[in-house]
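Per-entry structural report
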Amino acid sequence: MIRTLLAATALCCSMPAAAKTITVEAGADAQERLQEALILAEPGDVVELGAGTFELTDGLSLDVDQVTVRGAGMDKSILSFAGQLGAGEGLLVTSDDVVLRDFAVEDSKGDGIKSKGADRIVYHAIRVEWTGGPKASNGAYGIYPVEASDILVQDSVVRGASDAGIYVGQSKNIIVRRNTAIENVAGIEIENSFDAEVTENLVTGNTGGILVFDLPNLPQMGGHNVLVARNAIIANNTDNFAPEGNIVASVPAGTGVMVMANRNVQVVENAMINNGTTNVMVVAYTQSFDDPNYDPTPRDVYVADNVYGRAGFAPDFEGGKQLAAAFGGALPAIVYDGLGKGLIVNDAVQVLNLGLTRVGQPPTEAKPSLHRQDGAGETVALSPIVLPASMEAALK
Amino acid sequence: MRTVLAAVALCIAGFAVSAAPTRPIAPVDDAVITAKGMPKKLSDFGFFKDASGWQPNKGVELYRLNSALFTDYAEKYRYIYVPAGQQAVVDDDGLLQFPVGSALIKSFGYEIDGQDRLLETRVLLHRADGWIALPYVWNAEQTEAVLKVAGKRVPVTFTDPSGATRNISYAVPNKNQCKECHSLSGAVVPIGPKMRNLAHDTLDMLLSNAMLEKPDRDHPPIPDYADAAMPLESRARAYLDINCAHCHNRQGSASNSGLFLTYEEESPVHIGVGKRPVAAGRGSGGFQFAIAPGQPDQSILMHRLKSLEPGVAMPEVGRSLVHDEGAALLGEWIAAMEE
């Protein structure tokens, strides 16, 4: 009770006195009316989207702190970018303390919603969808916060992204909770980020379900402390439809969770079922790179208390079929390239160790064996991610 | 060359004076520049003596850059205003720091049916709490430009430098899109007037008008990328600097890309050589590297430069045509790199 009261007080104090609601309805000139509302909004204001489809011709952007953009529901207020002529995304947010909720972005030509350097952003009950299903011509990311601290993505739906449905990049202090990611190349991706929780999401029909990556030559590297817990990661067997060149274009179809070049990642209490290559893959970054500050190996990955269904029945990488045959027709539930250090698996499933000895070695040089570990391994639980109270309050 | 240009500038100034009506013209309204709010009409500022926006008012000076950003082959007319008795100073990076109350004014137009017509005028105003960027769109009669914070698309037909007729949906940027380019560490800043990119005659003009404090050191100029007499490498880098580096720098809108295209950048991988895409999506065009040395046709940078597709095309805003000459220059540069 005291906690609720304090949160409420904090919220009141942070709101300017003259906060107002600006309502924008769908219809003629939606582009100009909505963009003007987003520009003229003042801190504390709510920009309310009416029900209906807003036919937009250009990207929208918001650059005012403490603004809430709220629709009538993710299936009711629809920002359609099918006729988009310019800009790299549907909606771009570059200000702090923004709440986006209860509307949809459809068929944007580039990314769906990007927030850059936008701290304390909340995405709540947002739908970003490419309505023609999975296609290489779809935009790259659905929900795309990057270079920010304090990010909350909850109860949202992403579908059809040709890279990642929900992609959090180069950020800190992140919660991605209770979302649905369906038919994207990567369902949810946490990249070059620190301190993240990906929990209670339904991730299905993607090429890869949940990816935790670190890439070289970026301003923020050294991704670590990522919890992947209590997610349903089911049948992520869609053929990879990412444009070549993108790093996710190399993700094998049928990957449940993939941890690449990251440290202190915990994969616990998930249900992982029917992922054709494997349920969990732990690997190094295999491409050549020139960056002395980058560590391409996976380190301290902890896998425990998961529920495993069928997996490994259709491995989608070179030599995979032969390997599967060697294991009686299906790859083990977990595949590890053998690089890095500190992989702990406490689940009663087989772990295939490809036995690679150097980063970048092709899988054709694998010396596969079963990964052995003496007894149950130990780890220290990751500290829970705590977001500012105003962010959780915005979900109410 | 320099003398000729100076003489031309003088003539323009002379013309402006002789064309002025006999009644006194109100000066630039300093209070409108510095006050809060967003003036509805361009004429509220008093930057021009005439309603059609061609004759700069007293204290508003036409200036030129060595290398200019491509904007759909639009003609651009740039002006600097510094409040009377004040001066801009040059910082250590060679950027001009303007006093509060200064304004940068840029008009965009085309020759249409043999007549010069203005489409829009963008203003950057330096207020006590920072810079603000505002777009004004000219009416059909060319008698007033009005504020369009949400931007506007204007259908335009014009003849490009090669003689081809072009039909485009010209995009006046919205207020936030101004900031996408004019942003450094999240704050709006001018991007054109850097010491290394101001033309000689402009520098002479600013110094002789006492609008600029004399800098205490040299800032070697970057070349005009269109000047074929200059070395290919420096022309290409000048092109990238003025067209791409406002976003593609460590403090800019594209900081997360790891692709940094400023003239000073020394790391080959950050310029794009052998650099894999991060968040390019279908912008990658199926290619592996931003720049594949020796292979412009395999380079993402060329693919995005030559595309008109939103989501692929770079820059993301302000371009609905391919800059053929710019693409040719960068193609030549990449082709000349050792594989």
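The rules we used
Residues numbered from 1 in each chain as written. Chains lettered and ligands numbered in written order. Predicted model: local features only at pLDDT ≥ 70, side-chain atom pairs only at ≥ 80, totals over all residues. Heavy atoms only, no water. Helix = DSSP H or I, 4+ residues; strand = E, 2+ residues; numbered from the N terminus. Rg over C-alpha atoms; globule rule 2.2 N^0.38 Å. Buried < 20%, exposed > 50% of the residue type's maximum accessible area, 1.4 Å probe, protein only. Areas by Shrake-Rupley, 256 points an atom, 1.4 Å probe, with all protein chains shown as cover. Lys, Arg positive; Asp, Glu negative; His and termini not counted. Charge placed at Lys NZ, Arg CZ, Asp CG, Glu CD. UniProt positions renumbered as here; feature names shortened; annotations may be inferred. Core = buried A, V, L, I, M, F, W, Y, C linked by side-chain atoms within 4.5 Å. Contact = heavy atoms within 4.5 Å. Pairing = 2+ DSSP bridges. Axes fitted to C-alpha atoms, helices over the stretch in contact; angles between N-to-C directions.

Under an unreviewed UniProt entry, the name given to chain B is Cytochrome c domain-containing protein, and the source organism is Parasphingorhabdus litoris.

Chain A carries the name Right handed beta helix domain-containing protein in an unreviewed UniProt entry, which gives Parasphingorhabdus litoris as its organism.

1. Comments concerning the overall build of chain B
In terms of helices and strands, chain B carries eight helices and 12 strands. Relative to the 2.2 N^0.38 estimate, which gives 20 Å for 339 residues, the radius of gyration of chain B is 20 Å and therefore close to what a compact globule would have. Viewed in the frame of its principal axes, chain B has a C-alpha envelope of about 65 × 45 × 40 Å. The burial tally for chain B puts 54% of its 339 residues in the buried class. About 15100 Å² of surface is accessible on chain B, with carbon and sulfur atoms providing 55% of the total. Mean positive and mean negative side-chain charge positions of chain B (33 and 39 charges, respectively) differ by 6 Å.

2. Side note on the UniProt feature "domain: Right handed beta helix" (unreviewed entry) in chain A
According to UniProt, the feature "domain: Right handed beta helix" (unreviewed entry) maps to residues 88-213 of chain A in the numbering used here. Secondary structure content for residues 88-213 of chain A is 0% helix and 60% strand, and the end C-alpha separation is 23 Å.

3. A look at the nonpolar core
Counting residues in each nonpolar core, the largest one holds 68 residues, and the members touching the most others are Val47, Leu79, Leu100 and Phe103 of chain A. Ignoring any residue separated from it by four or fewer positions in sequence, one finds Leu79 of chain A in contact with Leu34, Leu49, Phe54, Leu56, Leu60, Phe103, Ala104, Val105 and Glu106 of chain A. Membership of the second largest hydrophobic core comes to 38 residues, among which are Phe70, Val137, Val172 and Cys244 of chain B.

4. Observations concerning the sheet that holds strand 1 (residues 60-63) of chain B
Residue and element names in this part refer to chain B. Ordered by their spatial adjacency, six strands build an open sheet running 1-2-5-6-7-8, and the pairing between neighbours is antiparallel. Looking along the sheet, the strands with just one partner apiece sit at the ends: strand 1 and strand 8 (145-147). This sheet shows a mean twist of 30° between the axes of neighbouring strands, independent of strand direction. Pairing of strand 6 (residues 115-127) with strand 7 (residues 130-138) involves eight bridges; the strand directions are antiparallel. Looking at strand 7, one finds that Leu125 is bridged to Ile132.

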